[in-house]
Every structure is written in structure tokens, then in C-alpha cells.
Amino acid sequence: KRQTRKTFLAVDIGTTTIAAALAEKETGAVLATAGCGNSQRIFGQDVLSRIKASVAGTGEKLKTLIRQDILNLLEEIQKKQKDIVIEHIYIAGNTTMEHLYMGDSCEGLGKAPFTPVSLAERKDSLSNIPVTLLPGISAFVGADIAAGMLACGMDEEERPSLLLDLGTNGEMVLALEDKMIATSAPAGPALEGGNISCGVASVTGAISKVRVIGERTIIGTIGNAPATGICGTGVLELVAGLYENHIIDASGQMKEKYREEGFPLARMKDIREVQLAKAAIHSGIELLLEHAGISMGEIKKVYLAGGFGVYLDVHIAAGIGLLPAELEKCTKAVGNT
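Residues numbered from 1 in each chain as written. Predicted model: local features only at pLDDT ≥ 70, side-chain atom pairs only at ≥ 80, totals over all residues. Heavy atoms only, no water.

**Observations regarding the pattern of salt bridges**
In total, this model carries 13 salt bridges according to the counting rule given. Between E87 and K25 there is a salt bridge, with its nearest N and O atoms 2.7 Å apart. Within this pair, whereas E87 is found in strand β4 (residues 84-93), its partner K25 is found in the loop between β2 (17-24) and β3 (30-37), the two being separated by 62 residues in sequence. The residue D104 makes a salt bridge to R122 at a minimum N-O spacing of 2.6 Å. With D104 in the loop between α2 (95-102) and β5 (122-126) and R122 in strand β5, the pair connects residues that are 18 residues apart, well separated along the chain. (Salt bridge = Lys/Arg side-chain N within 4 Å of Asp/Glu carboxyl O. Helix = DSSP H or I, 4+ residues; strand = E, 2+ residues; numbered from the N terminus.)

**Focus on the nonpolar core**
The biggest cluster of nonpolar side chains holds 52 residues, and the ones touching the most others in it are L162, L164, L242, M254, I285 and I299. Those elements that provide at least two residues to this core are β7 (161-165), β8 (169-175), β9 (180-186), β10 (206-213), α4 (232-244), α5 (268-292), β13 (301-305) and α6 (314-319). Residues in contact with L162, not counting those within four places in the same chain, are M154, V173, L174, I285, L288, I299, K301, V302, Y303 and L327. Among the nonpolar cores identified, the runner-up in size contains 34 residues, and V47, I66, I70 and L74 belong to it. (Core = buried A, V, L, I, M, F, W, Y, C linked by side-chain atoms within 4.5 Å. Buried < 20%, exposed > 50% of the residue type's maximum accessible area, 1.4 Å probe, protein only. Contact = heavy atoms within 4.5 Å.)

**Observations concerning the side chain of T221**
One can find T221 in strand β11 (residues 216-221). For T221, a relative accessible area of 13% corresponds to the buried category. Separated by 2.5 Å, the side chain of T221 and the backbone oxygen of A225 make a polar contact. Ignoring any residue separated from it by four or fewer positions in sequence, one finds T221 in contact with G205, A206, I207, S208 and A227. (Polar contact = N/O pair within 3.5 Å; in protein donor to acceptor, adjacent residues only side chain to side chain.)

**Considerations on the sheet that holds strand β1 (residues 5-13)**
Within the open sheet, the six strands sit side by side as β3-β2-β1-β4-β6-β5. Their pairing is mixed. Sheet topology places β3 and β5 at the edges, where each strand pairs with a single neighbour. Pairs of neighbouring strands in the sheet enclose a mean axial angle of 20°, with direction left out of account. With three bridges joining them, β4 and strand β6 (residues 129-133) adopt parallel strand pairing. Bridge pairing in β6 links Y90 to T132. (Pairing = 2+ DSSP bridges. Axes fitted to C-alpha atoms, helices over the stretch in contact; angles between N-to-C directions.)

Read these as layout, nothing more, since geometry by itself doesn't imply function.
Okay, here's the thing in C-alpha cells:
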């Protein structure tokens, strides 16, 4: 008779995508993963839209949607792994997502001085399983980036180092010898497939790899499944390929023959969304370094995190300016931390 394994579920509530990983309690080994789009997107693609919706009276609906998403992922994982007992669920998310999960008022998050109801570790339960919400840092630097700092061992690794958690609410941490400085940049949902014509979250069937050769494309999907749309990494690789093949210029303008109908897989609107995202991330990095009084050349290591970080080509990220070119050689994609 097979022994029932004791496990826990780690959940990352992203603004656009929710990811879950089942891990063995004793070893921490990941046994199964699952992901889905955040159903709260019907109330807006970004954090501020959700805050406004919550304050306007939809807080209970937003709470119900996020809890049902997690329950669906829990059920999906339980079907994959029969001989398990999930003893605990740990949840990390940006501060707004954790507020919405708990049904807290978001009014303080929507206006200066941006005051959260709580940043502390909190307890709850789902499907009779105990839940712990990880503690956050500030109104717009949440538990997800705190978890990332621990996962990357930023307090032990060589410094100065930089952690970039690239999602809809792009959070980043600069670790110096004596302190850490954090901020967030509103990158928008393009990096997770949002606001893109055929955009989807990083789930099975999403186009995650795109190679542009001349004026045709070769694609690869997550799980090698039939294509359902294009996710953040696919969007970035497509834009980089269009630029390298002179189908778009440095301003993002397409060749005249594609301006009306768009290039297969891309339209002008999509390119603008990518430009907005990369401008936010790049600006955030520059402002952090300026605040700390150090240069790009002093950075020893960059951790590139986020659900799509597993698939992202660092060379491509630097090539389109999402990352400063000087940081390419010291950057490591670390997946969903």
C-alpha cells in the first residue's frame, strides 16, 4: 500500500495570473504545478482598477472570485496527485491582492499616504485547509517580492544585487551591503499577456516562444499544446524579432504594409503595450540606482523573476530595452520566486 505523502500548497496571487505549486513537506520538492488567469480581471487589468472597483462596492465579489480561482487550482492539483494530504496553503501576493483575498477595505491603498489595513502575516482557511498569508512590505511592495528575496537568498549573495519581479505590478529590490531598497513600477499586464490582441496567461497552450525569420514566424507553446493565444514571453520575443528583422523601427512603427492589418501575431496596439511596460521597468531600475547613488556597472547580480521568467530569454529582454544592456551578462532568470 502506498504511503500518503504530506504536502503543502504554495500560491502566488498575481494581478493577471495565479500560480500554484504542490510541494512535499519534508523535502520541499515540487510535485505538481497549476496556473490560471486571475478572474478579477473583469474588474480591471491593473492594481489601481481593482482598488477602485473594491471601493465602489465590489469587494465581496472580488474576494469570491479569487478564492474560487485558488479552489479550482487546488482541485486540479489534487486530481494530478492522488496519494497526498495537503496540510497547509501558503499564499503570497502584492498587497492589493492579499487585501482582496481577505475582503479588506482597499480605500487606504487608493490614495496618499497609501495605508494598508495590514502588512502582517495572517491566518485563514480554504476547503478546511489552514491558510497563511505571507507578510508584505508596503502598500505597493508585497509579500510576493518578500518571498522572492528569500528564495534568491539576497541577504547572503554577492551585492549590490537586483531582484526584478516582472508582472503587472513590477516590483524590484536593490540589495546593498547594509540595506535593501524596494519600489514598484506599474508595468501593466502586457508582460502577462493582458491588453494584447490574442493575449493569454502563461498556461498550457500559450505561445511562449516566437522566432521571426524574414517575414514569417515559428512558434512554440507551453506543454506543446495547440495554440490558444500568446503570453508575455511570446509577446516579448515577437517584438524583439520584429525589430531585428526591420519590420518595426526603433519607435515601434511597423512597415507600411502591416500598419492596417498588423503582422501575424502582432498589431501596433500590442507593441505600444510592450513599450509602456518596458519603460516602466527600465525607469524603476534607473531611479532605484539613482536613489542609492550607484551605477549600472556596480551591480553584481540580477535576478529576473516572474511567472514568465522561466521562459524568458535574457538576451531578448536586454535587446528590446526591458533590461539595461549593461545588466545582461549578470542576469539570471529565476522563474516564479
